[in-house]
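# Descriptive analysis of the structure
Spelled out, the chains give:
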Amino acid sequence: MDSAQPIGIREQLAYALPALVLALLGITFYVYLPKFYVDSIGVDLSVLGFIIISSRIFDALSDPLIGALSDRTRSRFGRRRPWMLGALLPLGASFFLLLRPDLAPSWCSAEVWLGILSFIFFLSWTMVSIPYEALGTALSFVYDERTKILALRDGALVLGTLLAVVIPQAIAGRTGDAATAHVLTSLAVAYPLLTCVAIVLCIWLVHERSGVDTPKEISLAETAKALRSVVSNRPFLDLLTAYVIAGFGAALPATLIAFYVEQVLGSKAWGQFLVLYFLIGFLVLPGWVWLARRIEKHQTWLIAMIVNTGAFIGVFFLGPGQLTAYGVLVAISSLGYGATLALPSSMQADVIDLDELQNGTRREGQFVGIWSVAKKLAAALGAGIAFPILDQLGYVPGATSQSPEVITALRWLYAGVPCVCNIIAILVVTRYSITRVRHAQIRAQILARSN
């Protein structure tokens, strides 16, 4: 499809749909699987942290490589779609087996089962997600339209995250504990099937844009040149630095919410607070898109992070039974959640335009691959650091009460450190330089050169 042709609503929805189902897989892995493997299977916390970190280090190699390869892929179906289709089977199969450790052969320990399947799951995830996100950055080259398209995708991600919390809780029923074999077995087949349907629809209905210059070969020299150009792209480095720091902070509460609510607040209703957080974040996202059209994207992102951080600071000081106060603070904090997802995605597409102007070719896959590595490593470090710290301080899996040292650590890891990270990210974002006027100049120069 011609790069100047507007993208219709059907194609926008088809593009957004995979984000919803990928959220179902991702939240299940990060939120439910750790608690299930620790409390029900007996995997040691330090071993769990090692598996998560090592799988993400593996991603550090695979993400940029797959991004670069997808940039250079030539087929009748385009650059991105063959990768997405080819990874469907291993992605679905590895997810199914991760949720069914009872199917492991007798010679395979739970730790080995979790480790091997985590590597397969994340490699196939990369083969889907990197081309998928790269596809979205080139669907529109209009400053505000791409915000709408990518906000719709990230809105679907928020909705999928919400459903990933609601569905297990509904299956769990009165027990309230969704991190159990009964619940995860129910999801093991349903989620992979939904993922297949969503990605096939996206491949069928979303057409890659023509009329853009793309890399035609891959070599060590070309890859090194591309990496050097990324390092010289100052707006991208500012954006990436802020996003990684904030992402590390966000990974901690996402991973530890079940531990914090149960041990610090004394309640098993952590799933209800997750629902509240994601529901409000989803509902107010259109308002942030509206605001980003009136001011700049990075200014809107700053406001969202300030709202999110300002409320979450109060969570650090809560104690047993203060569920109402926690709910209020979570609700206020959630107001900025959607913007912290959608706006960096749109800003990322803008810095890729700057790279095209500077280097004469579009390398969405390369940029998305580097972005993805940083994002995943931030999330992995959050889980990989938190679990060993709790283990060393004497966390007792399945216990109804923990030592004061563990409770203090949970306060810092769940609320204190994330707030500090957000404050640092806010300071970095103030240096970001691509505005609406500057982007219009970039696109005008690209078009003038191509003509």
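This text follows the structure it describes.
The structure contained in this document is the topic of the report that follows. These numbers were taken from a predicted model, which means no experiment stands behind them. Here, residues in each chain are numbered from 1, in the same order as that chain's written sequence. Totals for whole chains, interfaces and linings use all residues, but because this is a predicted model, local features are given only for residues with pLDDT of at least 70 and pairs of side-chain atoms are given and counted only at 80 or more. Neither water nor hydrogens contribute to the side-chain values; these are computed over all heavy atoms in the structure.

## Remarks on helix α13 (residues 337–359)
- Each helix is a run of DSSP H or I of at least 4 residues and each strand a run of E of at least 2, with the numbering of both proceeding from the N terminus. To estimate how far a helix should reach, multiply one less than its number of residues by 1.5 Å. Across its 23 residues, α13 extends 34 Å between first and last C-alpha, which sits within 8% of the 33 Å expected from 1.5 Å per residue.
- When accessible area is computed with a 1.4 Å probe and restricted to protein chains, residues below 20% of their type maximum are described as buried, those above 50% as exposed, and intermediate ones as partly exposed. Most of α13 sits inside the fold, with 21 of its 23 residues counted as buried.
- Looking at the residues trailing α13, positive phi occurs at G360, about 80 degrees.

## Some details on the pattern of salt bridges
- What makes a salt bridge here is a side-chain nitrogen of Lys or Arg within 4 Å of a carboxyl oxygen of Asp or Glu, nothing more. Tallied over the entire structure, the rule returns 20 salt bridges.
- A salt bridge links E296 to R436, with the shortest nitrogen-to-oxygen separation between them at 4.0 Å. Taken together, the positions of E296 in the loop between α10 (270–294) and α11 (297–312) and R436 in helix α16 (residues 436–450) put the pair 140 residues apart, joining distant regions of the chain.
- Note on E296: relative accessible area 13%, which makes it buried.
- Under the relative-accessibility criterion, R436 is labelled partly exposed at 22%.
- Salt bridges linked by common partners bring D71, R79, R80, R146, K297, D350, D353, E356, R362, E364 and R443 together as one network.

## Things to note about the environment of G416
- On the secondary structure map, G416 appears in helix α15 (residues 404–429).
- Counting along the chain gives 18 residues from G416 to I434, while the straight-line C-alpha distance between them is 31 Å.

## Side note on the environment of A292
- Relative to the elements of secondary structure, A292 occurs in helix α10.
- When the C-alpha positions of A292 and T147 are compared, they lie 8.2 Å apart, and in sequence the two are 145 residues distant.
- Residue contacts follow a heavy-atom distance rule, with two residues in contact if any of their heavy atoms lie within 4.5 Å. The residues contacting A292, other than those within four sequence positions of it, are D144, K297, T300, L343 and R436.

## Some points on the packing of aromatic side chains
- Two aromatic rings from Phe, Tyr or Trp, using only the six-membered ring of Trp, form a pair when their centres are within 6.5 Å; if the ring planes differ by under 30 degrees the pair is stacked, by over 60 it is edge-to-face, and anything between is tilted. Inspection of every chain in the model, using the stated rule, returns 23 aromatic pairs.
- Centroid distance F36 to Y37: 5.6 Å. Interplanar angle 80 degrees. Geometry classified as edge-to-face. Exposure class is identical for F36 and Y37. Each is buried.
- An aromatic cluster is built from F29, F95, F121, F122, W125 and Y191, whose rings are joined through pairwise contacts.
- Lysine and arginine charges are scored as sitting over a ring when NZ or CZ, respectively, is within 6 Å of the ring centre and within 35 degrees of the ring normal. Directly above the aromatic system of Y143 lies the positively charged group of K297, at a separation of 3.9 Å from the ring centroid.

## Let's talk about the nonpolar core
- Judged by nonpolar contacts, the single largest core of 132 residues is most densely connected at Y15, F121, Y260, W301, Y326 and Y414.
- Setting aside residues no more than four positions away along its own chain, Y414 makes contact with P253, L256, I257, Y260, F312, V315 and Y326.
- Throughout, nonpolar core names a set of buried Ala, Val, Leu, Ile, Met, Phe, Trp, Tyr and Cys residues whose side chains join them through atoms within 4.5 Å. Counting residues in each nonpolar core, the second largest holds five residues, with I66, I130, A134 and V368 among its members.

## Notes on the environment of L163
- Positionally, L163 belongs in helix α6 (residues 143–172).
- Considering only alpha carbons, one finds L163 and V21, 142 residues apart in sequence, at a separation of 9.4 Å.
- Setting aside its immediate chain neighbours within four residues, L163 contacts L20, L24, P168 and Y191.

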